[in-house]
Amino acid sequence: GHRAVTAAELERLDDAAFAEALKSVRVIARSTPSVKLRVVRTLKAQGESVAVTGDGINDAPAIKEADVGVAMGVTGTEVTKEACDILLLDDAFATIVRAIRWGRGITDNFKRFILFQLTVNVSAVLVVLVAVILDEPPPFSALELLWINIIMDGPPALCLGLERMSDDLLRRKPLRRDAPLVSRGMVMRMAVVGVFIAALCLAQLKGLNLLGLDMGDKPLVATAVFTLFVFCQLANALAARRPEGGNPLGGLLGNPALLCAIGLAAALQWVIVTYGGAAFHTVALPAALWGKIL
């Protein structure tokens, strides 16, 4: 059902007929700059996302008008290079495919970073806010909140940006022009995970005693809740590897930096709890309690 035409055949058509013809035309022979430009404008008017590749001066108007203009870096003219959005240094179309894959991979890593950061914020705000509403003393000291903030902005968060690109990137449907970076599914995950972490910590704080503590020992309870919150966020960093859902442990060895960052944060948490009592007002936790928290 597809056909090839010459530019002269298309030039004789009015706008409506031209738009209808483009539905079946796949090759335009002896094309002119005006026809190329008309094709781009017609497709954009129909809501299409248009990319144009070219190397000559006659391609420049269409490349400039397109959503994405791609020029040849080796054989392309200077006029075309100036008009383009993307310059192919090797003049290979396969490079465009690799660039699209990288673009999608970078977008995924943005989502991972945002999902992790906002979930930490939601859970931290909820824990502190609900504690204040219930007339409880602040569950975290200023130094503890700073440490939580370091985890949020530090190595675990940054290492999510080093996640390997998924194998299915090019099999996904493209995003709509108006699609937000933070999808509805991500917002739901932030809310559900944030509320869950906050509820877990507040339940222990208010006496539900999930960890089997001596609730009369306030320093022990406060330290356990602080540590529980930190380890929940480290688990949250793993979950953020799949911002749109899926197995968060799949391909985990492909990001050794994240594993090292989580291990380092966990080790530093142990050091703070065990030896940082003077500054953080924590007490050492027994080994069995560490196991329960994990």
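Owing to the predicted nature of the structure, the values given are computational and were not obtained by experimental measurement.

Engineer: When you look at the packing of aromatic side chains in this model, what are you seeing that I'm missing?
Structural biologist: Each aromatic ring pair is described using two quantities: the centre-to-centre distance and the angle formed by the ring planes. Enumeration according to the criterion identifies four aromatic pairs in this entry. Judged by centre distance (5.1 Å) and plane angle (55°), the rings of Phe140 and Phe229 are tilted. On the criterion of sequence distance, the pair formed by Phe140 in the loop between helix H6 (94–133) and helix H7 (142–153) and Phe229 in helix H10 (residues 218–239) is long-range, its members being 89 residues apart. What makes Phe140 buried here is its relative accessible area of 6%. Three or more aromatic residues joined by ring pairs make a cluster, and in this case those are Phe140, Phe226 and Phe229.

Engineer: Help me understand the sheet that holds strand S3 (residues 51–54), please; the structure alone is not making it clear to me.
Structural biologist: Strand-to-strand pairing in sheets goes through backbone hydrogen bonds, with the strands running parallel or antiparallel. Reading across from one edge, S3-S4-S5 is the order of the three strands in this open sheet, with parallel pairing throughout. Each edge of the open sheet carries a strand with a single partner, namely S3 and strand S5 (86–88). On average, each strand axis in the sheet is tilted by 20° relative to the strand beside it, whichever way the strands run. When strand S4 (residues 68–72) meets S5, the two strands line up parallel, connected through three bridges. Residue pairing in the sheet places Ala71 in a bridge with Leu87 of S5.

Engineer: What's the story with the nonpolar core in this structure? I'm lost.
Structural biologist: One recurring pattern in soluble globular proteins: nonpolar side chains tend to sit buried together. Phe229 and Leu289 are the most contacted members of the largest nonpolar core, which totals 48 residues. If you list the elements that add at least two residues to this core, you get H6, H7, helix H8 (155–159), helix H9 (184–205), H10, helix H11 (256–275) and helix H13 (287–293). Top element by residues in this core is H10. It accounts for 12 residues. By size, the runner-up hydrophobic cluster in this structure holds 10 residues, among which are Val40, Val50, Ala66 and Ala83.

Engineer: What is the right way to look at H9 in this model?
Structural biologist: What sets the pattern is the α-helix's 3.6 residues per turn: residues three or four places apart point alike. Here H9 is 22 residues long and its end C-alpha atoms lie 31 Å apart, about the 32 Å a rise of 1.5 Å per residue gives. Turning to H9, the residues buried within the fold contact H6 and H10. Among the residues trailing H9, Gly207 stands out with phi positive, at a value near 110°.

Engineer: Just to check I follow, could you spell out the packing of H6 against H9 for this structure?
Structural biologist: Helix-helix packing is characterised by the crossing angle of the two axes and by the distance between the axes. The N-to-C vectors of H6 and H9 enclose an angle of 40°; their axes lie 8 Å apart at closest approach. Judged by the inter-axis angle, H6 sits oblique to H9. Remark: the crossing between H6 and H9 carries right-handed chirality. Of H9, the residues touching H6 (which contributes Lys111, Ile114, Leu115, Leu118, Thr119, Val122, Ser123, Leu126, Val127, Val130 and Ala131) are Met186, Arg189, Met190, Val193, Gly194, Val195, Ile197, Ala198, Cys201 and Leu202. Within the contact of H6 with H9, the residues separate by chemical class into 16 nonpolar, three polar and two charged.

About the criteria used
- Residues numbered from 1 in each chain as written.
- Predicted model: local features only at pLDDT ≥ 70, side-chain atom pairs only at ≥ 80, totals over all residues.
- Heavy atoms only, no water.
- Phe/Tyr/Trp six-rings, centres within 6.5 Å; stacked < 30°, edge-to-face > 60°.
- Helix = DSSP H or I, 4+ residues; strand = E, 2+ residues; numbered from the N terminus.
- Buried < 20%, exposed > 50% of the residue type's maximum accessible area, 1.4 Å probe, protein only.
- Pairing = 2+ DSSP bridges.
- Axes fitted to C-alpha atoms, helices over the stretch in contact; angles between N-to-C directions.
- Core = buried A, V, L, I, M, F, W, Y, C linked by side-chain atoms within 4.5 Å.
- Expected span 1.5 Å × (residues − 1).
- Contact = heavy atoms within 4.5 Å.
- Parallel < 35°, antiparallel > 145°, perpendicular 65-115°, else oblique.
- Left-handed = near helix turned anticlockwise from the far one by under 90°.
- Nonpolar A, V, L, I, M, F, W, Y, C, P; charged D, E, K, R; others polar.

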